[in-house]
Amino acid sequence: MTAWTLGLRGRLLLAFAVLGLTTTALVAGVSYGQARTVILQKAQDAAVVSLVDQAARVLPLRELPPSQDQLDAIAQNLGEGPDPAVVAYRGRTASSSDLSLDEIPAELRGEVTGGRVVWQRVTMGGGPWLAIGTQLMTERPDGGTEPTGIEVYRMHALGDEQRSIDQLAALAWSTGSASLVLAVLLALLAARGVLRPVRELGRAARRLGEGDLRTRATVRGTDELAGVAQIFNQTAERLERQVGELRRMEADARRFVADVSHELRTPLAAMTAVTDVLDEESARLPGDAGKAARLVSQETQNLAQLVEDLIEISRFDAGTAALSLDDLDVGAAVRATLRSRGWTDQVETELPDGIVARLDPRRLDVIVANMVGNALRHGAAPVTVRLRAPAGWVEVTVADHGSGLPPDVLARAFDRFYKADTARSRSDGAGLGLAIALANARLHGGSLVAGNRSPQGAVFTLRLPSGGGA
Amino acid sequence: MKRWIVVPLLLVAFLGGCGVRPSGVITGGPAPTGKVDGARIYLISDGEPALVLRQSKPATPDEVLRLLAAGPSDAERSLGLTTEVPSGLAPKVALEDGATVVAVGTDVRSLPVLAVVQIVCTVQATTSSAPVSLVSGGQRRGPLTCPRYPPS
């Protein structure tokens, strides 16, 4: 299971290493074993044949049981070379050197009487030796053979063979290590070849996810990865086309709203002028006529405000809204806003002097007026306006003591044309106020957040950078 | 995956541990065989007939049997070679219808088995592989054959 956490490269490396190691171990192991067998067999066969030849030359015997001199002679004869020999006859022994019969393995001595040549590899003095033993046989007149009772043994050193085999083992080890290194190198190469397109594809997908719809993956060759890249490209293309279409449609719709608003502006200006006159005259108009004149005047004002709001929103949408910054005393500016709207008496303020920030005074006025107007309209008294200046920021908080904002309203408070209370009278505004306030705050590089406070009441917090923002 | 690593590691460890290692007894071809000179008689060693060569001119079967009846020399006795053949055997070898008949002076019925084996083997080694019968007076033992070595 751990293999799946290794990543593609790790898994490829592991697979190659295991493959290389297995193959090398098998090949090297088998050839090592074969070579060892051949080397040992050759050496053993040569030693055995040599002993049999020399032993055969001891015959024919003239006397049995042999005298000690004869046994010694046989031992010397067989031990002429570098290999020591020992001869035994019914408890009597003769040796060509200091080799004694006790050093011949008892197991081998037990098998010698079987009438065949026997041998056994043993460890003697720390090195490997071959102990060969046989009994001298004689021919019977009837063609059979029978033992003379003379046993001959010879030890043959296998040191040279041991060295050859050790060299073979060393060779096998070095071959194995080299092939492991080779396998790892090959695996790295293969991993690079496979992983590069995968990495590129991953990078392209990430860019696409980040919104760069023009991202395309490079299609190389005709393999499976190229197919994936092709599908990726087709998907990205379709996505780009559809998003472009949507954007165009949205832009069209916004332009339409902007155009309509502009077209309405001029006739509305004329109407406003007329209704102003009507307003002045309404007091003198009798009964219903006066009421109607005031209604027309009020609705015309609302319509004019709506058109102004729409034009403002269109500017934000078109990206043409620009800040005209000025150093201003924020406390004084907020007070001016309250005064100009006639709210000074309805609001509790906490506006310390001397908090200076670089802001757009008109936009600050729009935001604060919206916040306070909302609180007065929807919340309950007392409404408090508080100004604070955390490092680098100015913070205006407007709180009321009403029932607060339900969660679904809280989530959509800044949406355009959103009205929390559907039964609300039309004269309360079109529902663009907070959307415009938020857009203004963002234009400054600040934020406008709606929330609830304990124990009750809604709170709107405006934070603007004091240094002028973006 | 782990299983796959174990296989080559085991293999390498197994093969790497091998040099020239002690083996069991390996049996090869037949032991060297040659002719012998001299008279072949069979004495007893550890309850089995054992070949003994006596240096002598080519001898007749009668002479060889007399050598056997004379028993082991001091040197042979010191090596544990004994005989069961009584010294008063007075053997006489004759050929009858392709079989060898040995007339002896003692009662063939009372001869120990090993003595019979010694006589039969010695006669067969000296004359031919024909079966050997022992007779004394009207009594007869055989025809017999020397047990083969190696036993087949």
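Rules used in this analysis
- Residues numbered from 1 in each chain as written.
- Chains lettered and ligands numbered in written order.
- Predicted model: local features only at pLDDT ≥ 70, side-chain atom pairs only at ≥ 80, totals over all residues.
- Heavy atoms only, no water.
- UniProt positions renumbered as here; feature names shortened; annotations may be inferred.
- Helix = DSSP H or I, 4+ residues; strand = E, 2+ residues; numbered from the N terminus.
- Polar contact = N/O pair within 3.5 Å; in protein donor to acceptor, adjacent residues only side chain to side chain.
- Phe/Tyr/Trp six-rings, centres within 6.5 Å; stacked < 30°, edge-to-face > 60°.
- Buried < 20%, exposed > 50% of the residue type's maximum accessible area, 1.4 Å probe, protein only.
- Patch = residues over 30% accessible without salt bridge, like charges linked within 9 Å, V, L, I, M, F, W, Y side chains within 5 Å.
- Areas by Shrake-Rupley, 256 points an atom, 1.4 Å probe, with all protein chains shown as cover.
- Salt bridge = Lys/Arg side-chain N within 4 Å of Asp/Glu carboxyl O.
- pLDDT = per-residue confidence, 0-100.
- Domains from an automatic or database assignment.
- Contact = heavy atoms within 4.5 Å.
- Nonpolar A, V, L, I, M, F, W, Y, C, P; charged D, E, K, R; others polar.
- Disulfide = S-S within 2.5 Å.
- Core = buried A, V, L, I, M, F, W, Y, C linked by side-chain atoms within 4.5 Å.

- In the nomenclature of an unreviewed UniProt entry, chain B is known as GerMN domain-containing protein of Asanoa iriomotensis.

- Per an unreviewed UniProt entry, chain A is named Signal transduction histidine-protein kinase/phosphatase MprB, and its organism is Asanoa iriomotensis.
- For chain A, the Catalytic activity (unreviewed entry) comment in UniProt is given as "ATP + protein L-histidine = ADP + protein N-phospho-L-histidine."
- Entered under Subcellular location (unreviewed entry) in the UniProt record, the comment concerning chain A runs "Cell membrane".

1. Digging into the environment of A:Arg386
All names here are of chain A.
Turning to step 1, where the next piece is worked out: By the element assignment, Arg386 lies in strand 9 (residues 383-388).
Turning to step 2, where the next piece is worked out: In the structure, Arg386 is positioned 350 residues away from Arg36 in sequence and 96 Å away in space, judged by C-alpha atoms.
Turning to step 3, where the next piece is worked out: Among the polar contacts made by the side chain of Arg386, one reaches the side chain of Glu350 at a distance of 3.0 Å.

2. Structural notes on the packing of aromatic side chains
Residues and elements named next belong to chain A.
Turning to step 1, where the next piece is worked out: The tally for this structure, following the rule as stated, stands at one aromatic pair over all chains.
Turning to step 2, where the next piece is worked out: An angle of 80 degrees between the planes, with centres 6.3 Å apart, marks the rings of Phe414 and Phe460 as edge-to-face. Placement of the pair is Phe414 in the loop between helix 9 (407-412) and helix 10 (433-443) and Phe460 in strand 12 (residues 458-465), with a sequence separation of 46 residues.
Turning to step 3, where the next piece is worked out: Taking the relative accessible area as the measure of exposure, Phe414 reaches 17% and is therefore buried.

3. Section: a nonpolar patch on the surface
Turning to step 1, where the next piece is worked out: Among the surface-exposed residues, A:Val181, A:Val184, A:Leu185 and A:Leu188 lie close enough to one another that they form a single nonpolar patch of about 310 Å² accessible area.
Turning to step 2, where the next piece is worked out: If you trace the backbone, A:Leu185 turns up in helix 4 (residues 159-209).

4. Considering the confidence of the model for chain B
Turning to step 1, where the next piece is worked out: Chain-level pLDDT for chain B is 78 on average; 84% of the residues reach the 70-or-more range.
Turning to step 2, where the next piece is worked out: When pLDDT is averaged over each helix and strand of chain B, the minimum, 58, is found for helix 1 (residues 2-16) of chain B and the maximum, 87, for strand 1 (residues 26-30) of chain B.

5. A closer look at the domain arrangement of chain A
All names here are of chain A.
Turning to step 1, where the next piece is worked out: Each assigned domain of chain A is listed here: domain 1 (2-167), domain 2 (237-318) and domain 3 (326-465).
Turning to step 2, where the next piece is worked out: Counting residues at the interface gives 10 residues for domain 2, matched by 13 residues for domain 3.
Turning to step 3, where the next piece is worked out: Run the count over domain 2 and domain 3 and you get three salt bridges.
Turning to step 4, where the next piece is worked out: The closest approach of N and O atoms between Arg362 and Glu312, which form a salt bridge, is 3.4 Å.
Turning to step 5, where the next piece is worked out: Linking domain 2 with domain 3 are three residue pairs in polar contact (both at pLDDT 80 or more), by the criterion used here.
Turning to step 6, where the next piece is worked out: Ranked by residues supplied to the side of domain 2 that touches domain 3, first place goes to helix 6 (residues 287-318) with nine residues.
Turning to step 7, where the next piece is worked out: Among the residues making up the side of domain 2 that touches domain 3, the classes are represented as four nonpolar, one polar and five charged.

6. Section: the state of the cysteines
Residue and element names in this part refer to chain B.
Turning to step 1, where the next piece is worked out: Evaluated as defined, the whole model comprises one disulfide over all chains.
Turning to step 2, where the next piece is worked out: With a sulfur-sulfur separation of 1.8 Å, Cys121 is cross-linked through a disulfide to Cys146. Judged by the sign of its S-S torsion, about 85 degrees, the bond between Cys121 and Cys146 is right-handed. One end of the pair, Cys121, is in helix 4 (residues 113-126); the other, Cys146, is in the segment after strand 8 (139-144), with 25 residues separating them in the sequence. Per residue, the accessibility class of Cys121 equals that of Cys146, and both read buried.

7. Side note on unusual backbone geometry
Turning to step 1, where the next piece is worked out: Positioned with a positive phi, A:Arg90 is a non-glycine residue whose angle comes to about 45 degrees.
Turning to step 2, where the next piece is worked out: Residue placement: A:Arg90 occurs in the loop between strand 1 (85-89) and strand 2 (92-95).
Turning to step 3, where the next piece is worked out: The class for A:Arg90 is partly exposed, based on a relative accessible area of 30%.
Turning to step 4, where the next piece is worked out: Here B:Asp46, not a glycine, exhibits a phi torsion of approximately 55 degrees, which is positive.
Turning to step 5, where the next piece is worked out: When its relative accessible area of 76% is taken as the criterion, B:Asp46 is described as exposed.

8. So, the nonpolar core
Turning to step 1, where the next piece is worked out: Grouped together as the largest cluster of nonpolar side chains are 64 residues, with contacts concentrated most on A:Ile150 and B:Ile119.
Turning to step 2, where the next piece is worked out: For this core, the leading source of residues is helix 1 (residues 7-58) of chain A, giving nine residues.
Turning to step 3, where the next piece is worked out: Within the second largest apolar cluster, 38 residues are counted, among which are A:Leu328, A:Val383, A:Leu387 and A:Leu462.

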